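Descriptive structure summary
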Amino acid sequence: MASGKTSGHWSMGLLASMDDPELKVTADEKVVVIKDKYPKAKFHFLILPKEKIPNLNSLKPSHLDLLRHIHKKGEEIAGKANKELKFRFGYHAVPSMSHLHMHVISQDFDSPCLKNKKHWNSFTTSYFVDSSEIIRQLEKKGRVEQDGQRANEMLKQDLRCHVCNKAFTTMPSLKAHIVFHNVTKSAGS
DNA sequence: GTTCTAGAAC
DNA sequence: GTTCTAGAAC
């Protein structure tokens, strides 16, 4: 392999990342765990099933065990990474990257890779669907209903702090604000 | 998904 | 003049 010209289109990038030793965290018979290449928080992992599942819409009840396994793996990885920080486990309603992947992301959102409104809203609005919600929907309805158009509108929403709901007009001001939440939270001693 | 950058916003 | 956002990328 000379340079990064492996799989043509950028949306196929996750498949390459799964084999990248720099990003790979662990794997078992069902899933691969990698670090997000551009982490949007102090801890940001992706859990991908080895089985090729394109997206949420293609999930069937037969995938429920796998989804529960992914969720459990997420809790395990988060616990190993950091026991103080809060984590969320979930899926983007309209992911940019191909191949189903669950985000495991700490809620500090303290990262230089977190730069714009789309980044922010994709993790703090209903564009981010909790894994438990996906599982519940699949159990109840036999499929996952997805309103992609409504989800995409979430990305354009005004910026709001995910902790206190305060509104902000720019990303730099929001980022300066959330640092304050992180400090007060860990100021135990 | 990111990078780059024009021009809006300040 | 600088900061910041937002749209194109073949």
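Since this is a predicted model, take the numbers as computed values, not measurements. (Residues numbered from 1 in each chain as written. Chains lettered and ligands numbered in written order. Predicted model: local features only at pLDDT ≥ 70, side-chain atom pairs only at ≥ 80, totals over all residues. Heavy atoms only, no water.)

**Looking at the UniProt feature "domain: HIT" (unreviewed entry) in chain A**
The sites that UniProt annotates as "domain: HIT" (unreviewed entry) are residues 11–114. Annotated as residues 11–114, this span is 23% helix and 25% strand, and its ends, taken at the C-alpha atoms, are 19 Å apart. (UniProt positions renumbered as here; feature names shortened; annotations may be inferred. Helix = DSSP H or I, 4+ residues; strand = E, 2+ residues; numbered from the N terminus.)

**A word on the protein's contact with DNA strand C**
Around DNA strand C, the surrounding shell consists of T170, M171 and P172. Backbone atoms, meaning sugar plus phosphate, form 100% of the atoms of DNA strand C positioned within 4 Å of the protein. Backbone polar atom of M171 to a phosphate oxygen of DNA strand C: 2.6 Å apart, as the coordinates give it. (Near = heavy atom within 4 Å. Polar contact = N/O pair within 3.5 Å; in protein donor to acceptor, adjacent residues only side chain to side chain.)

**So, helix 2 (residues 64–81)**
Two residues of an α-helix separated by three or four positions point the same way, owing to the 3.6 residues in each turn. For helix 2, built from 18 residues, the straight-helix expectation of 26 Å at 1.5 Å per residue is met to within 8% by its first-to-last C-alpha distance of 26 Å. Taken residue by residue, helix 2 has L64, L66, L67, H69, I70, H71, K73, G74, I77 and A78 as its buried positions. (Expected span 1.5 Å × (residues − 1). Buried < 20%, exposed > 50% of the residue type's maximum accessible area, 1.4 Å probe, protein only.)

**Here's the deal with the protein's contact with DNA strand B**
Around DNA strand B lies a shell formed by W10, Y38, K40, S96, M97, K115, K118 and H119. Protein-proximal atoms of DNA strand B, defined as those within 4 Å of the protein, fall in sugar or phosphate at a share of 52%. Here a sugar or linking oxygen of DNA strand B sits 3.3 Å away from a polar atom, N or O, in the side chain of S96. Per-class residue counts for the surface near DNA strand B are 3 nonpolar, 2 polar and 3 charged. (Nonpolar A, V, L, I, M, F, W, Y, C, P; charged D, E, K, R; others polar.)

**A closer look at helix 4 (residues 131–141)**
S131, I134, I135, Q137 and L138 are the residues of helix 4 that are buried. Buried residues of helix 4, viewed axially, fall in a sector of 160°; they line one side. Along helix 4, exposed side chains directed more than 90 degrees from the buried face belong to R136 and K140. Along its buried surface, helix 4 packs onto helix 2, strand 4 (87–92), strand 5 (102–106) and strand 6 (128–130). Phi turns positive, to about 80°, at G142, one or two residues after helix 4. (Arc of directions from axis to C-beta. Contact = heavy atoms within 4.5 Å.)

**Overview of the packing of aromatic side chains**
Per the counting criterion, the structure on display carries 4 aromatic pairs. When the centroid spacing of 5.2 Å and the interplanar angle of 65° are considered together, the rings of F109 and W120 count as edge-to-face. Here F109, found in the loop between strand 5 and helix 3 (117–124), pairs with W120, found in helix 3; they are 11 residues apart in sequence, far enough to count as distant. Their ring planes at 45° and their centres at 6.4 Å tell us that F109 and F123 sit as a pair that is tilted. Here F123 lies in helix 3 and F109 lies in the loop between strand 5 and helix 3, a separation of 14 residues in the sequence. Here F109 falls in the buried class, since its relative accessible area comes to 1%. Taken together, the aromatic side chains of F109, W120, F123 and F128 make up a single cluster linked through ring pairs. Between K166 and the ring centre of F168, over which it is positioned, the NZ or CZ distance is 5.3 Å. (Phe/Tyr/Trp six-rings, centres within 6.5 Å; stacked < 30°, edge-to-face > 60°. Lys NZ or Arg CZ within 6 Å of the ring centre and 35° of its normal.)

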